[in-house]
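# Remarks on the overall topology
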Amino acid sequence: MRILVVDDFPTMRAITKKILKDLGFKEILEAENGEEALKILKSERIDLVISDWNMPKMDGLTLLKNIRSDPELKDTLVMMVTAEAEKQKVLEAVKLGVNGYVVKPFTPETLEEKIKKVIAQKEKGPAK
Amino acid sequence: MKLKETISEAIKLCEEIDFENLPELGPLLEKLEKIVELTGEKEELSNIAKDLKNVLDKAIFEEIPPQKAREIIHQGLLRLQELSQKEEIDPTALLEDLAYKLLTVEPYDLPALGEILKGMEELAESFSPQAEPQELVLLAKKALEKAILEEVGMEEAVAFVNEVFKGLQGFLFGEPLSPSLKQKARELGLLPQEEIKEEKPFEKFASLLERTQKVLLEIASSPQDLGLLGQLKAHFEEMSYILKEKAPQAERLCQSVSKLLSSDVKGFSSSDLETFALAIDLLKDLKEGEDLPFPKVEEVINKVSQKVTSQKKLLGELLLEQKVLKEEDLKEAFEEQKLKPHKKLGEILLEKGKVTTQDLVRALKTQTEGMVSVEIQKLIQLTDLVGELVVLQALMRSNPTFLAVADLKFLQEFEQLGRITSELQKMVMSLRMEPLNEMFQRLSLFAQGLATSLGRKIDIRLDLQETELEAEKKGALYEVLTRIVRALLEESLQSPSSLKLTVQRKTGYININLRTDGKGLDPNSLLIQEAEKLLQALEGSLEIEAQQEGTSLNLRIPLTLVVIDGLLAQVGGQWFIIPADCVREIYLPKKENVIFLSGKEEALKIRDELIPIINLHGYLLGKNGKKVWELVAIVIEKEHKQFALLVDEVKGKQEVVVKNLGKVLRGIRGVVGGSIMGDGSVGLILEPEELLKEEG
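Residues numbered from 1 in each chain as written. Chains lettered and ligands numbered in written order. Predicted model: local features only at pLDDT ≥ 70, side-chain atom pairs only at ≥ 80, totals over all residues. Heavy atoms only, no water.

Let us look at the overall build of chain A. Looking only at helices and strands, chain A features 5 helices and 5 strands. What you see in chain A, going N to C, is helices and strands ordered as β-α-β-α-β-α-β-α-β-α. Considering chain A as a whole, with its 128 residues, one finds that 59% of them fall into the buried category. Summarising the internal contacts of chain A: among those between residues at least 6 apart in sequence, 60% fall at separations of at least 24. Entry remark: accessible area of chain A is about 5400 Å², with carbon and sulfur atoms responsible for 49%. (Helix = DSSP H or I, 4+ residues; strand = E, 2+ residues; numbered from the N terminus. Buried < 20%, exposed > 50% of the residue type's maximum accessible area, 1.4 Å probe, protein only. Contact = heavy atoms within 4.5 Å. Areas by Shrake-Rupley, 256 points an atom, 1.4 Å probe, with all protein chains shown as cover.)

So, about the pairing of strand β14 (residues 632-638) of chain B. All names here are of chain B. Counting buried positions over the 7 residues of β14 gives 7, a clear majority of the element. Here β14 shows two buried faces, one formed by V632, I634, I636 and K638 and the other by A633, V635 and E637. With 4 bridges joining them, strand β10 (residues 583-587) and β14 adopt antiparallel strand pairing. Bridge pairing links E585 to V635 in β14. As judged from the 7 bridges shared by β14 and strand β15 (residues 641-647), these two strands associate in the antiparallel manner. Following the sheet pairing, I634 is matched in β15 by L645. Where β14 folds back onto β15 in an antiparallel hairpin, the turn is made up of 2 residues, including E639, whose phi is positive at roughly 40°. (Pairing = 2+ DSSP bridges.)

With that settled, the discussion passes to the interface of chain B and chain A. Reports of interface size often rely on the accessible area that becomes lost once the parts have come together. The interface of chain B with chain A comprises 45 residues on the first partner and 52 residues on the second. Between chain B and chain A, a total of about 4200 Å² is buried, with carbon and sulfur atoms accounting for 58% of that surface. In this assembly, chain B and chain A are joined by 3 salt bridges. Our count for the contact surface shared by chain B and chain A stands at 5 residue pairs in polar contact (both at pLDDT 80 or more). At the level of secondary structure, the elements contributing two or more residues to the side of chain B that touches chain A comprise α5 (91-104), α6 (110-127), α7 (131-148), β11 (594-596), β12 (602-606), β13 (609-615) and β15 of chain B. No other element matches the 7 residues that α6 of chain B contributes to the side of chain B that touches chain A. (Buried area = accessible area lost by both parts, 1.4 Å probe. Salt bridge = Lys/Arg side-chain N within 4 Å of Asp/Glu carboxyl O. Polar contact = N/O pair within 3.5 Å; in protein donor to acceptor, adjacent residues only side chain to side chain.)

As a further point, take the nonpolar core. With 67 residues, the main nonpolar core has L4 of chain A together with F165 of chain B as its most contacted residues. Beyond its immediate stretch of four places on either side in the chain, F165 of chain B contacts L95, L98, A99, L102, M120 and L123 of chain B. Residues I119 of chain A together with A569, V571 and L645 of chain B belong to the second largest nonpolar core, which totals 44 residues. (Core = buried A, V, L, I, M, F, W, Y, C linked by side-chain atoms within 4.5 Å.)

Residue and element names in this part refer to chain B. Among the 6 residues of strand β17 (residues 671-676), 5 are classified as buried, and the element is accordingly described as predominantly covered. Sheet topology note: the β17/strand β18 (residues 682-686) ladder contains 5 bridges and is antiparallel. Bridge pairing in β18 places V671 opposite L686.

What follows is about the sheet that holds strand β8 (residues 563-571) of chain B. Residues and elements named next belong to chain B. The strand order across the open sheet formed by 5 strands is β16-β8-β9-β18-β17, and the pairing between neighbours is mixed. Single-partner strands in this sheet number two, and they are β16 (649-657) and β17. Neighbour to neighbour, the strand axes of the sheet diverge by 35° on average, direction disregarded. Pairing analysis gives 7 bridges linking β8 to β16, with the strands arranged antiparallel. (Axes fitted to C-alpha atoms, helices over the stretch in contact; angles between N-to-C directions.)

This part covers the side chain of S256 of chain B. Tracing the backbone through its elements, the reader meets S256 of chain B in helix α12 (residues 248-262). At 3.0 Å, the side chain of S256 of chain B and the backbone oxygen of L253 of chain B are in polar contact.

Turning our eyes to something else, we now look at the packing of helix α1 (residues 2-16) of chain B against helix α2 (residues 22-38) of chain B. All names here are of chain B. It is at 10 Å that the axes of α1 and α2 come closest, and there the two elements cross at 155°. One finds that α1 runs roughly antiparallel with respect to α2. Seen from above, α1 lies across α2 with left-handed handedness. The residues of α2 that touch α1, namely those facing K2, L3, T6, I7, E9, A10, L13 and C14, are P27, L28, K31, K34, I35 and L38. Split by residue class, the contact of α1 with α2 holds 9 nonpolar, 1 polar and 4 charged. (Parallel < 35°, antiparallel > 145°, perpendicular 65-115°, else oblique. Left-handed = near helix turned anticlockwise from the far one by under 90°. Nonpolar A, V, L, I, M, F, W, Y, C, P; charged D, E, K, R; others polar.)

Let us look at the sheet that holds β15 of chain B. Strand order in the open sheet made by the 6 strands is β10-β14-β15-β13-β12-β11 (chain B), with mixed pairing throughout. Of all strands in the sheet, those with a lone pairing partner are β10 and β11 of chain B, marking the two edges. On average, each strand axis in the sheet is tilted by 35° relative to the strand beside it, whichever way the strands run. Here 3 bridges tie β11 of chain B to β12 of chain B, and the two strands are oriented antiparallel to one another. Bridge pairing links F596 of chain B to E602 of chain B in β12 of chain B. Across the sheet, helix α1 (residues 10-22) of chain A touches β11, β12 and β13 of chain B, and the angle it forms with β13 of chain B is around 150°.

What follows is about the confidence of the model for chain B. Residues and elements named next belong to chain B. Summing up the model confidence of chain B, the mean pLDDT is 80 and the portion of residues at 70 or higher is 89%. Across chain B, strand β5 (residues 509-516) holds the top mean pLDDT of 90, while helix α26 (residues 663-666) sits lowest at 60. Confidence drops under a pLDDT of 50 for residues 194-198, and excluding neighbours within four residues, the segment shows 5 contacts in the predicted structure. (pLDDT = per-residue confidence, 0-100.)

Next up, the structure:
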């Protein structure tokens, strides 16, 4: 499982990375914003993107749109990270095809639970 | 299907044929007749079609000029096309499809749930204008949304949506909708739980509305009675309070009316009263547990805000009233002004010889009656003086001698002095500040006009927060923006077809963002250089960024006259002010709360949640040896970001006046302004979000 963590705030990336490592994920890549994330996605195999919402250059929602509209990337799993106060915005991302979301600040357990759900769903395959 | 095709064929004909050549009108007449036939059962559509055929008949009999007829028919056909497309969403098929999707969806398959949400929006639309089924679909959608947000169980929600779908299927076969569905919605918390509890505020609203109407009638008979105006304002304010969260659209309406009433008004004309009556009539349509339709509210608010901006009679209007100008000439002049926004209307009219200087002077005189013009420099001085007064007062308050005073009368008088000073400050500010939104709208017209003159089309969207700027800066800002727009439209290598203007009010500055799909803007072009030069005078900054999808321009205009509610914190003897609205909590960390990440990064564990840290000691000032647990954590939450700022001490909340900083301090990341503190030192105002922006 190769995970790409997208956040413009280095410490937040470090936190997510630490939690992911503790959960046993080994291959974790980082990007500072959506644009950088897209570049990485185009050159490397990524299974799951965990993206922040507001970032300079390209925000999370635009990143999601770009992933879903690219025939080669469209099946990549995408999770969005949001703050409690902005939770309503999740619905926008859901309509654009996000696979999961997690509310900041999260505990390691919540993140694990959310990632597991997303992966389990992927294995089952989407409803036809 | 046939109908849609015929309409588009007719539109094509309408655009291509020569309306003055009779034989060419034949095929169009045939198409219109066909459309009348095809729309037979749908009254709304067929009425439009019949009207259009009538217009063509009249054009054939030369009762209407051909160009006029073409215009009317073309627009009518476009409207028909729009309506017929709406018609064609068939709720039965859509419902079946959604019911099937719902049956097979996995509870954690968000993309599939997203598809269903989109389908439900369409379904609600397809039931329009039937309110009852539409409301149920929206309730079902809300249930699903709540389940996605984990506020209700997914199984419960899906079961409810299923029931709604079944009910709707029955409804399409002519059965009535069961009231138990609404009851279920209430149980799920989608509708207010207890009807009785809700009834009270609504009743209050209804009786308030009635009283408001009475007050309005009284004002109609004595329009100069300011007491009555105050009453009217209070009523609208109260209604907006009652409607809060229950009916956001209606609340917005009440707010905009009460805002109009608070802008210092001296009596109203009868047309103003009509606008208020419109608002009241619309509010009467409000039913319990529902909201007003957005477009109608928007329409009335537009009228209301026009009143606000046009309290000073416009020059054109006056000239028309004095019968020295024809309406066509005025329109023509307006068109020209769109292309030359720096020119005043009067100048254009004079140049074209439509009015004489004498007419113009007379009109301008009438326009400014009851007003005094003041040199802007004097106003600036006045603001500065008042600012000093405020600071002086804060200084006195923290003076040890003052703190020792026990004379109650003196203290009361001092308090009174404080109130008057702060009123005075607000007053002076209101003189200097002007709202900007009208200017942005003007800019959008300018861009539209410019694109047209270049033979192009551009889709412009505005996303505006209410912002104000010092009056003397407004003109310069407009000059900056027009230059940028010109650079974008005239000089981009790949011309833009869309432009989005976003304006946000931030702590200490206004952020203006222009985003376009145009590419290849030269950041060193003459126009941009001019814009940058003008910006320097405003102490603003411009950032241009070429992106994958186009170009993004970001402008920042610092504000100098803002008062913010700030949290005062001290770090290494330096005062910092943090806008109170983004502070979630203040936390005293203990040693066991600190988590070490890779490298030197640290995070805070508050109630099991990990929160990133920014230590203001290491960040803006030199490091000192203090440990995290010896500091105070201010937890910030704003626009999806969350982190803790570490400071030495928090000293409570206070309203502070934002001052622009000198060049030296302006470069510090995160610092957006300064303020003179009670002890005379300068406190630095932080915009926490800014601290996160790319390191280095």
